[in-house]
Amino acid sequence: MGAALSDLVKTVDDVLAEWLPEQYRTGIAARPDLTSGVLTWCNCGHSPPLLIRDHQVLEKAPERPGEPPMGMPAALGDAPRTVHRAALEPGDRVLLYTDGGTEARTAGNGRFGLAAFTDSIIRATAAGELASEALRQLIHALLESQDERLSDDATILLLEWRPPGVR
């Protein structure tokens, strides 16, 4: 099964602190259990994941207190990372994203925004689109709002959980 999530993140913390002591990285280390539907994650200074169930975002469902970015804890002490858990239901979608997408500037100098992210996924879900198609539509909407040129990284991951044998 591999290393525990907290051990994995601690290794990244230690390596960054040793090799790039003046730098840090935000991120989420996550592991879905494909059999039980339990999602575990460590949030390292990043935007919290969003849980979409029954065509709506569950407010604050996966949101937990944030922790320092990766590379910082080694400098701040040896407190272990907190591993969070959430039980997913069949059909739940979890959206992980960087702020380069939600803070992207539109042609009118507004922001693409988190609401546009979730609205896009919810509309595609309500239309019966697969997770991969919902994600493709979101990426195209983001790129179109930016005239096809992003000014910051925009990483997006959409996970949909279906128990084994359920379609």
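Before reading on, note that the structure itself is shown above.
The structure presented is a predicted model; accordingly, all values stated were derived computationally and were not measured. (Residues numbered from 1 in each chain as written. Predicted model: local features only at pLDDT ≥ 70, side-chain atom pairs only at ≥ 80, totals over all residues. Heavy atoms only, no water.)

**Comments concerning the nonpolar core**
Reasoning step 1: One finds Leu95, Phe117, Ile121, Leu138, Ile156 and Leu158 to be the most contacted residues of the largest nonpolar core, which totals 17 residues.
Reasoning step 2: Of all the secondary structure elements, the ones that give two or more residues to this core are β3 (50-53), β6 (93-97), α4 (113-126), α5 (131-145) and β7 (156-160).
Reasoning step 3: At five residues, the largest contribution of residues to this core is made by α5.
Reasoning step 4: Beyond its immediate sequence surroundings of up to four residues, Ile156 is in contact with Leu95, Leu96, Tyr97, Phe117, Leu135, Leu138, Ile139 and Leu142.
Reasoning step 5: In this structure, Leu39, Leu51, Ala86 and Trp161 belong to the second largest nonpolar core, which totals eight residues. (Core = buried A, V, L, I, M, F, W, Y, C linked by side-chain atoms within 4.5 Å. Buried < 20%, exposed > 50% of the residue type's maximum accessible area, 1.4 Å probe, protein only. Helix = DSSP H or I, 4+ residues; strand = E, 2+ residues; numbered from the N terminus. Contact = heavy atoms within 4.5 Å.)

**Some remarks on the pairing of strand β2 (residues 38-44)**
Reasoning step 1: Among the seven residues that make up β2, six are buried, leaving the element largely enclosed by the rest of the structure.
Reasoning step 2: Hairpin connection from strand β1 (residues 27-32) to β2: five residues lie between these consecutive antiparallel strands, with Gly37 at a positive phi of about 85°.
Reasoning step 3: Relative to strand β5 (residues 84-87), β2 runs antiparallel, the two sharing four bridges. The residue of β5 that forms the bridge with Leu39 is Ala86. (Pairing = 2+ DSSP bridges.)

**A word on the packing of α4 against α5**
Reasoning step 1: The N-to-C vectors of α4 and α5 enclose an angle of 140°; their axes lie 9 Å apart at closest approach. Helix-helix and strand crossings are classified by hand; for α4 and α5 the assignment is right-handed. Residue-level contacts link Ala116, Phe117, Ser120, Ile121 and Ala124 of α4 to Ala134, Leu135, Gln137 and Leu138 of α5.
Reasoning step 2: Class assignment for the residues of the contact of α4 with α5 results in seven nonpolar, two polar and no charged. (Axes fitted to C-alpha atoms, helices over the stretch in contact; angles between N-to-C directions. Left-handed = near helix turned anticlockwise from the far one by under 90°. Nonpolar A, V, L, I, M, F, W, Y, C, P; charged D, E, K, R; others polar.)

**A look at the sheet that holds β2**
Reasoning step 1: Reading across from one edge, β1-β2-β5 is the order of the three strands in this open sheet, with antiparallel pairing throughout. At either margin of the open sheet sits one strand with a lone partner, and together these are β1 and β5. Each strand of the sheet is rotated relative to its neighbour by a mean of 25°, with strand direction disregarded.
Reasoning step 2: Alignment of β1 against β2, held across six bridges, turns out to be antiparallel. Each bridged residue has a counterpart across the sheet, and for Arg31 the counterpart in β2 is Thr40.

**Considerations on unusual backbone geometry**
Reasoning step 1: Of note, Asp54 is a non-glycine position whose phi angle comes to about 50°, a positive value.
Reasoning step 2: By the element assignment, Asp54 lies in the loop between β3 and β4 (56-57).
Reasoning step 3: With a relative accessible area of 63%, Asp54 lands in the exposed category.
Reasoning step 4: The backbone phi angle of His55 is positive, close to 65°, even though this residue is not glycine.
Reasoning step 5: Note on placement: His55 falls in the loop between β3 and β4.
Reasoning step 6: Residue His55 is classed as partly exposed on the basis of its relative accessible area, which comes to 43%.

Treat this as a map of the structure, not an account of what it does.
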